[in-house]
Amino acid sequence: MWEPDGWDAKWRIGALVPHGDVGPESELQAMAPPEVCIHATRVPFGAIRAGGEMDPTIPLAPVRAFAEPPHVDDATELLAAAPIHAIAFGFTSSAYVIGGDGEEAMLQRLRTRSRGLPVVAPCASIVEALRLLGAERVALFDPPWFDAELNALGAAYYRAAGFNVVSSVSCALPSEQSTIEPSALFEFVRRQVPTKAEAVVFGGNGFRVVGVIAPLERELELLVVSPNQALLWGTMQAVGARTDSITRYGRLFASP
């Protein structure tokens, strides 16, 4: 008799996202099965303006600041006051800048403000996914607004985690979130990925990526992992939710 109203969600995941970016929660909700609901909160990010406008490349200082107190810590505490089950940190590039140890220290700090709820980050989830699926040679593709320095920091992050980064590039596409088209991204990656790669890894939670994951896996016969895909997988794993009902967004969700 009654129409669905969202109140019967089994799992509620909170997402910390840059204040002017709708990309992370858009992709998370698109992938989430019916029993999972995404609840995002905004965190100030100094490199984005009203309407989601950014410069062609983002500077490192606000990227680092996004992961530092007080804003993200306060947002975590407010988000954790809602009846949610876990918190997803929807921002890739801070891990590039602060490194794996800094990322873990940030997560530990945020967990002190989360009422004991799991707090999960995208790069750490990508590392876990690659290890689980046995991929060692990765090709890293970052969004066009990541400059050469930030892209190099991303490659260094994955090398420090023990992976062989066989190529690392910021995609030569328009440097504006709303202009990224899946067809153009698919063609760019298809042409650029080295034959020796075992996995394609994307950077940037605001990068429109998840729609091309499954087509790229079919075309390249490689594992493809993106920040929001790995973030949803890692967060669902953290609360004990099954992920194998997600069948349209890559091999990762079929993993135990």
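Check the entry above for the structure.
Worth saying up front: this structure is predicted, and the values here are computed from it rather than measured. (Residues numbered from 1 in each chain as written. Predicted model: local features only at pLDDT ≥ 70, side-chain atom pairs only at ≥ 80, totals over all residues. Heavy atoms only, no water.)

A.B. asks: Please set out the overall build of the protein residue by residue, giving values where relevant.
C.D. replies: Helices and strands together make up the secondary structure of the protein, namely nine helices and eight strands. Relative to its length of 256 residues, the protein is compact, with a C-alpha radius of gyration of 17 Å against a globular reference of 18 Å. Relative to its 256 residues, the protein shows a buried fraction of 55%. Within the protein, the 29 negative side-chain charges are centred at a point lying 4 Å from the centre of the 20 positive side-chain charges. (Helix = DSSP H or I, 4+ residues; strand = E, 2+ residues; numbered from the N terminus. Rg over C-alpha atoms; globule rule 2.2 N^0.38 Å. Buried < 20%, exposed > 50% of the residue type's maximum accessible area, 1.4 Å probe, protein only. Lys, Arg positive; Asp, Glu negative; His and termini not counted. Charge placed at Lys NZ, Arg CZ, Asp CG, Glu CD.)

A.B. asks: Describe the sheet that holds strand β1 (residues 11-18), with residues and values.
C.D. replies: Whenever strands of a sheet pair, they do so through backbone hydrogen bonds, lying parallel or antiparallel. Overall, parallel pairing links the four strands, which are arranged β2-β1-β3-β4 in an open sheet. In this open sheet, the two edge strands, each paired with only one partner strand, are β2 (36-43) and β4 (119-120). Across four bridges, β1 lies against strand β3 (residues 86-89) in parallel orientation. Bridge pairing in β3 links Ile13 to Ala86. Here helix α3 (residues 71-80) sits on the sheet and contacts β1, β2 and β3; the angle it forms with β2, its principal contact strand, is near 145 degrees. (Pairing = 2+ DSSP bridges. Contact = heavy atoms within 4.5 Å. Axes fitted to C-alpha atoms, helices over the stretch in contact; angles between N-to-C directions.)

A.B. asks: An account of the side chain of Arg12 is needed here, citing residue identities and associated values.
C.D. replies: Position of Arg12 among the secondary structure elements: in strand β1. Although Arg12 is buried, it forms no salt bridge, and the closest oppositely charged side chain is Asp8 at an N-O distance of 6.3 Å. Within the structure, Arg12 has its side chain in polar contact with the backbone oxygen of Gly6 (distance 2.9 Å). The contacts of Arg12, once residues within four sequence positions are left out, are Gly6, Trp7, Cys37, His39, Pro83, Ile84, His85 and Ala86. (Salt bridge = Lys/Arg side-chain N within 4 Å of Asp/Glu carboxyl O. Polar contact = N/O pair within 3.5 Å; in protein donor to acceptor, adjacent residues only side chain to side chain.)

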